[in-house]
Amino acid sequence: MKKIWKWLGQGLIAIVILALLAGAGGLYYFKSYLPNTVAPQSFPQIDGEIRLQGLDGPVDIYRDNMGIPHIYASTPHDLFFAQGYVHAQDRFWQMDAWRHIGSGTLSEMFGKGQTDTDAFLRTLGWRQTAEAEYAALSPETKAILDSYTAGVNAYLKDRSGAALSLEYAVLGLLSPDYKIEPWTPVNSLTWGKAMAWDLRGNMDEEIQRAVLLKTLTAQQVDQLYPPYPSDHPVIVNKIGDGGTTFQPSSFQTFDTSQLPLDALQQNASLLDAALGPKGDGIGSNSWAVSGKLTATGLPILANDPHLSIQMPSIWYQVGLHCLPKSEACPYEVSGFSFAGVPGVVIGHNDKIAWGFTNVGPDVMDLFIEKVNPDNPNQYEVDGKWVDFTTRKETINVVGGKPLEISVRSTRHGPVISDTFGQLKDKGDPNDKTFSPFKDRAALALPDNYVIALQWTALTPSTPFEAIWGFDKAQNWSDFRAAAKNFHVPAQNLIYADTEGNIGYQMPGDIPIRKKGDGRYPVPGWNSEYEWTGYIPFDELPYTFNPAEGYIATANNQVPPAGYKYLVTTDWDYGFRANRIVDMIKNAPGKIDIAYIQSMQGDMFDANGPVYVPLLQQAVGQPGDSTQAAALDMVGKWDFQARADSGAAAVFNAFWRNLIKNTFNDDLPERYAADGGSRWNEVMRNLARNPNDPFWDDRTTKDKVETRDDIIKKSFADGVSELQKSYGNDPSKWNWGTMHAATFRNQTLGQSGVGLIEDLFNRGPFPTGGGEAIIDATGWSVIDGYETNWLPSMRMIVDMGNLNNSVTVHTTGQSGHAYNKHYADMSPLWANIKYYPMYWDQSAVIANSEGRLKLLP
């Protein structure tokens, strides 16, 4: 993730070297002056009175003892104005960086090292889509954005540089010409596109499957992308009469091996440094338990969304309260927002609570378009040449010259193979016989073929319109009506209310394809693979007060077998969902908040019961004393990957080496197995066949390895790895140290310059959990054990008494380094601890550390 900031880091290294050459004065600048003198300049005022133009009336903002603002206003305008103001007080650097991502203008902030990323973002056209969305909003929703924008800009007025955030003091050394622009409503809407990309469907899998067909058989590729396991739960158990079952194709018959999809994957991965990498395991957990199973007799709702690790937290907690609540001012809501966007994304109001997990539907298709060899401005549609839609984009570069790019689009979407040099075509433009679906020997994409992306997020629609509806919904009917506006990214919407109801709705624009199942790139020059529409909202899966008394979602399969539409073939494989359901069904008594906390902190690793017996069988009695001690530890393991567990350390070192030793000889380096629920299911299936060809190590010519051979070798390799890193005494090994979480600023905190990173990064914090575990803290088989994604917050809402609700998120409420609320939540998060979600105004006031009054 440091690569994207390479150019930025080089400039900062030069600055640091010059500072250090100045001797003690330079070191003092970074170690004392910036933290102690400059950083506090941006800390927010939390007491007293401030007069601001644009308010209807007075607004009270109480900050509780975790620094969380609770806003009380008499009009929606003032409420969202004040939310914009406090977002800018605490998180403007984060907001500024996010808006540059959303608009493809990172080069304006960080310089020439970002031009490739900007070119890809401009090609996708997020800003143009957001502009169309804003123009189409209703007057009510447009007013929300306008009020919020006015609040942000009220804070920006007469402030700049270090008065906004410490990062600007550092950025000013490198990019002194950078100017902070006023906030606009479109800046808020572009973040919806960024989240849609972060939670995108299966484009990566679509590319990977096509690439793997170059070296593996179709049956082997299917083995690496197995069907959803029949012994794991689905979210909705019954949908009407089911209708005609959708039958996905088992194999795409067209040959896509010629296409430079490796390069396309590389281009898409440029956004990973800005938004975080997409992995098999990234997802979320949520569940709602009805009153018949709880101690209070009313529902409890839990949610923990899993997102990339970052500093500050992606979430900003806030309370928004109309005083009085009325038809004209209908908001009384508390929960988690995005800095840069008005409203509460996940949380509860006075009547309902809701949470999200990602559905992960297949809403992205790659179309191979045939270009007219005699006129490169045209492409083929059903035997006729039609013109590309084109536009020019100028990428402004701080401290450098502007770069102009040309973006082409087809009927399907933007041509993403035009963006970067490594995708530019090298074949013979006059070769009219070439087809990307023949002749596996060729690897270049000639000039008469390009790749276009069709993606639902590029059609104007904003999820925030639905979210603002959730914020004021009073019942299931209101909630479902708002959910109709949730087009992309499709989320599993979990629901509970104070009347005792629980519910689930899958929303979103899910395409219906004329032909195919979206698993591979398809021809775009004919209309055989066109999208014919979207699944009607009333036919999307939902459930209300199911007989079993609970609803659990963990990115697992949504509909039951027999559902007549295709949602995706690339579900999470349901290990977390299976454990959640098991813990609900086997609760020791009536379920309460404490038990839900134990569920969110559960670290049961389902790989353990499958592979520990096989490991003991394969290894037998090791002659090496360290291996013997390690095997004894694993044999006594309870399969909980706690931070203090030595057995978890041994097993995960074994598991990492098992994945590598099994697949590194079979897969291209770029597509090496990296762990997650899919690989857990692949390995669970392989365990049943000790002579599967994947077990054989192709690098050994004189032997055909079996399952037990690879298990034995992997255990020895894992123990050796632990000895090299942590010494020869297994009693001193623990999983928390190996898997520690370090929270890094997504920009300057990844510069590669230690003195700069130390200003903004915090950690490491010993961390338990792991891949495909309820306490889902990700790590990489390729890169190592450090936590790279995690439960970005944990929330438990008690519908019997909202004041009993608890939560935590990863870092702190403040985005200002050295503020007391910058990382005060991190130890709580790492130890699965919580703090109260204060609800009643009396509780807020009693636990407040500041009261700020905004006056017109």
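One can find the structure itself at the top, above this paragraph.
Conventions adopted
- Residues numbered from 1 in each chain as written.
- Predicted model: local features only at pLDDT ≥ 70, side-chain atom pairs only at ≥ 80, totals over all residues.
- Heavy atoms only, no water.
- Pairing = 2+ DSSP bridges.
- Helix = DSSP H or I, 4+ residues; strand = E, 2+ residues; numbered from the N terminus.
- Axes fitted to C-alpha atoms, helices over the stretch in contact; angles between N-to-C directions.
- Contact = heavy atoms within 4.5 Å.
- Buried < 20%, exposed > 50% of the residue type's maximum accessible area, 1.4 Å probe, protein only.
- Core = buried A, V, L, I, M, F, W, Y, C linked by side-chain atoms within 4.5 Å.

Undergrad: Whenever I open this one, the sheet that holds strand β8 (residues 346-349) confuses me. Can you help?
TA: Sheet strands associate in pairs through backbone hydrogen bonding, adopting either a parallel or an antiparallel arrangement. Overall, mixed pairing links the eleven strands, which are arranged β1-β30-β2-β3-β6-β7-β8-β9-β16-β17-β21 in an open sheet. The sheet is open, and its two edges are formed by β1 (48-51) and β21 (542-544), each paired on a single side. Mean inter-strand twist for the sheet, computed between neighbouring axes without regard to direction, equals 15°. As paired strands, strand β16 (residues 491-497) and strand β17 (residues 502-505) are joined by four bridges and run antiparallel to one another. Considered in β17, the bridge of Tyr495 is made with Gly503. Lying on the sheet, helix α3 (residues 76-103) is in contact with β1, β2 (59-64), β3 (69-73), β6 (316-322), β7 (332-337) and β30 (848-855); it crosses β6 at an angle near 160°. The sheet strands contacting helix α14 (residues 463-472) are β7, β8, β9 (352-358) and β16, and the helix crosses β9 at an angle near 150°.

Undergrad: When you look at helix α8 (residues 166-174) in this model, what are you seeing that I'm missing?
TA: Residues spaced three or four apart along an α-helix face the same direction, because each turn holds 3.6 residues. Burial analysis of α8 places seven of its nine residues in the buried class, the great majority of the element. The complete set of buried residues in α8 reads Leu166, Glu167, Tyr168, Ala169, Val170, Leu171 and Leu174.

Undergrad: Sorry, what's going on with the environment of Trp679 here?
TA: Tracing the sequence through the fold places Trp679 in helix α21 (residues 677-686). The exposure class assigned to Trp679 is buried, which follows from its relative accessible area of 4%. C-alpha separation for the pair Trp679 and Tyr225, spaced 454 residues apart in sequence, amounts to 8.6 Å.

Undergrad: Can you help me understand the environment of Ala295 in this one?
TA: For Ala295, the location among the structural elements is in the loop between β4 (284-289) and β5 (300-308). Setting aside residues no more than four positions away along its own chain, Ala295 makes contact with Lys590, Ile591 and Asp592.

Undergrad: Whenever I open this one, the nonpolar core confuses me. Can you help?
TA: Note on soluble globular proteins: their nonpolar side chains tend to be buried together. Leu224, Phe338, Trp455, Phe470, Tyr611, Phe663 and Leu854 are the most contacted members of the largest nonpolar core, which has 239 residues in total. When neighbours within four sequence positions are excluded, Trp455 is seen to be in contact with Trp126, Lys193, Ala196, Trp197, Val363, Met364 and Trp531. Counting six residues, the second-largest nonpolar core is a separate cluster that includes Val381, Phe388, Val415 and Val450.

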